[in-house]
Amino acid sequence: MNRIYTVTLNPSLDYTVSVENFRLGCTNRTETECLTVGGKGINVSTVLHHLGLESTALGFVAGFTGREAAAQLTARGIGNGLIFLDEGLTRINVKLQSVEGTEINGQGPDIAAEKYALLEERLSALAAGDVLFLSGSIPASLPEDTYLRMMGKLAAGVLTVVDVSGEGLVKALSMHPFLIKPNQHELGEIFGVTLTDRASVLPYAEKLQEMGARNVLVSLAGQGAVLLAEDGSVSESPVPEGKLINGVGAGDSMAAGFVAGWLEKQDYSHAFYMGMAAGSATAFSEGLASGAHIHELYDRIVADHTDKI
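A brief report on the enclosed structure follows. Per chain, residues are indexed from 1 in the order of the written sequence. For a predicted model such as this one, the threshold for reporting local features is a pLDDT of at least 70, and the threshold for listing and counting side-chain atom pairs is 80 or more; totals across whole chains, interfaces and linings nevertheless cover every residue. Each side-chain value is worked out from all heavy atoms of the structure, with water and hydrogens disregarded.

An order of β3-β2-β6-β7 is seen for the 4 strands of this open sheet, with the pairing classed as mixed. This sheet does not close on itself; its edge strands, each paired only once, are β3 (32-38) and β7 (102-104). Neighbouring strand axes in the sheet, compared pairwise and without regard to direction, differ in orientation by 20 degrees on average. Helix α2 (residues 63-75) rests against β2 (12-18), β3 and β6 (91-96) of the sheet, and its axis sits at about 85 degrees to β3. Pairs of strands are assigned from DSSP output, requiring at least two bridges between the strands. In DSSP terms, a helix is any run of H or I states spanning at least four residues, a strand is any run of E spanning at least two, and both are numbered starting from the N terminus. Axis lines are fitted through C-alpha atoms, for helices just across the contact stretch, and the angle between N-to-C directions can take any value from 0 to 180 degrees. Contact criterion: two residues are considered in contact whenever any of their non-hydrogen atoms come within 4.5 Å of each other.

So, about helix α7 (residues 198-210). Between the first and last residue of a helix there are one fewer steps than residues, each counted as 1.5 Å, and that sum is the expected span. A rise of 1.5 Å per residue sets the reference length of α7, with its 13 residues, at 18 Å; its end C-alpha atoms lie 19 Å apart and thus fit the reference within 8%. Along its buried surface, α7 packs onto β10 (179-180), α6 (184-191), β11 (215-219) and β12 (225-228). In the stretch just after α7, G212 is the one whose phi turns positive, near 135 degrees.

Here we take up the packing of aromatic side chains. Here the distance between the centres and the angle between the planes together describe a pair of aromatic rings. Only centres within 6.5 Å qualify two rings of Phe, Tyr or Trp (six-membered ring in Trp) as a pair; their planes then separate them into stacked at under 30 degrees, edge-to-face at over 60, and tilted for everything else. Counted under the stated rule, the structure contains 5 aromatic pairs. Aromatic pair F191 and Y204: ring centres 5.4 Å apart, planes at 45 degrees, arrangement tilted. With F191 in helix α6 and Y204 in helix α7, this pair connects stretches of sequence that are 13 residues apart. Between W262 and Y268, the aromatic rings sit 4.5 Å apart at their centres with planes inclined by 20 degrees, giving stacked as the arrangement.

Next up on the list: the side chain of N93. Tracing the backbone through its elements, the reader meets N93 in strand β6. Relative accessibility thresholds used throughout: buried, under 20% of the residue-type maximum; exposed, over 50%; partly exposed, between the two (1.4 Å probe, protein chains only). Classification of N93 by relative accessible area gives buried; the value is 4%. In protein, a polar contact requires one atom able to donate a hydrogen and another able to accept it; more generally it is a pair of N or O atoms within 3.5 Å, and residues adjacent in sequence count only if both atoms are side-chain atoms. Looking at N93, its side chain comes within polar contact range of the side chain of D14, at 3.4 Å. With near-sequence residues (within four places) excluded, N93 lies in contact with S12, L13, D14, Y15, I104, N105 and G106.

Looking now at the nonpolar core. Side-chain atoms within 4.5 Å link the members of a nonpolar core, which is a set of buried Ala, Val, Leu, Ile, Met, Phe, Trp, Tyr and Cys residues. Membership of the largest hydrophobic core comes to 40 residues, with the highest contact counts inside it found for F133, L217, F258, V259 and I294. When contributions to this core are tallied by element, the ones reaching two or more residues are α1 (40-50), β8 (131-135), β9 (159-163), β12, α8 (250-265), α9 (268-283) and α10 (291-308). Examining the composition of this core, we find that 10 residues originate from one element, α9, more than from any other. Sequence-distant contacts of V259, defined by excluding residues within four places in its chain, comprise V131, F133, V161 and L179.

The next thing to look at is the pairing of β12. Residue alternation in β12 divides its side chains into two sets, A225 and L227 and V226 and L228, and both sets are buried. One ladder, built from 4 bridges, connects β11 with β12; its direction is antiparallel. Counterpart to L217 in the pairing with β12 is L227. Counted between consecutive antiparallel strands, the loop separating β11 from β12 contains 5 residues, among which A221 sits at a positive phi close to 50 degrees. Sheet topology note: the β12/strand β13 (residues 234-237) ladder contains 4 bridges and is antiparallel. By the bridge assignment, L227 is partnered in β13 with S235. Here β12 folds back onto β13 in antiparallel fashion, the turn holding 5 residues, of which G232 has a positive phi close to 90 degrees.

This part covers the pattern of salt bridges. Any Lys or Arg side-chain nitrogen located within 4 Å of an Asp or Glu carboxyl oxygen qualifies as a salt bridge. What the rule picks out here adds up to 9 salt bridges. When the shortest N-O distance is used, the salt bridge between D130 and R3 registers 2.6 Å. Pair noted here: D130 is in the loop between α3 (113-123) and β8 and R3 is in the segment before β1 (4-8), with a separation of 127 residues, a long-range link. Overall, the relative accessible area of 3% leaves D130 in the buried class. Take R3: its relative accessible area is 36%, and that puts it in the partly exposed class. Between D252 and K40 there is a salt bridge, and its shortest N-O distance comes to 2.5 Å. With a gap of 212 residues between them, D252 in helix α8 and K40 in helix α1 connect regions that are remote in the sequence. Assessed through its relative accessible area of 30%, K40 is described here as partly exposed.

This next bit is on α9. For an α-helix, the turn length of 3.6 residues means that residues three or four places apart are oriented alike. Under the 1.5 Å per step criterion, the end-to-end length of α9 is 22 Å for 16 residues, consistent within 8% with the ideal 22 Å. For α9, the tally of buried residues reaches 15 of 16 residues, placing the bulk of the element in the interior. Near the N-terminus of α9, the side chain that reaches the backbone nitrogen of S269, with its oxygen 3.2 Å away, is that of D267.

Without other data, these values stay purely geometric and don't point to any function.
Right under this line is the structure:
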């Protein structure tokens, strides 16, 4: 049986609030507020859980905010492999729903070398067939090639998913990750180009494959996604019809859905449609997608593509 692990180096408590008629320089009072554990790998673990797959979340937490993050993780039914740091605090990210796109993200604690070594020790226990998600930015206290170093500690046959932007992604390609999932802006930044549609991303997805990636899944927000698979096949799809409610976590959900689909059937088309369904279901929801919503959208996406054949 495949064991699944997710790494979130810098988890957070996300304090999401709505404020009617927000005004700068004044005292504003919240209408709604919510404090939830967050981070890209934790989002992946949550969606996998909604799809009936168990995973263990790895990473670092600190202080009273770290204890709350760990408690919420356990309450979600996700395996808790978090390492507690001796100093600092798990960051709090403030997300102001009433002012679109307005967030204040905390820095998070420094990760001491001996604590990082504990994480690498845990990674060395993974075996062939296990799945490891490496998701999110790398904290300033760790080098840019941290994901590359982690992958170097893994046994042969571990399936790695790398979801990070910029130099961290490029450095990891030499270890031949099973899946990378840049969006079109991140892909364009790597090569210094502007990518605007599904057709334009394919040549640059091919370049990433030439640099070492096995499967390249590129998300394009409202325009859908494109998969360049290891077997040379190309899958693409627009977003299914629905109302955008919350784009936060949609990319993480897409990666989770893709891997869930792959583990189920080892079929790239099925995995791609599951990824599309999971990403879209989160975008159409207040929070992360439910399993039922994902399967509903999956059926719609497959039906739409079947009708066009």
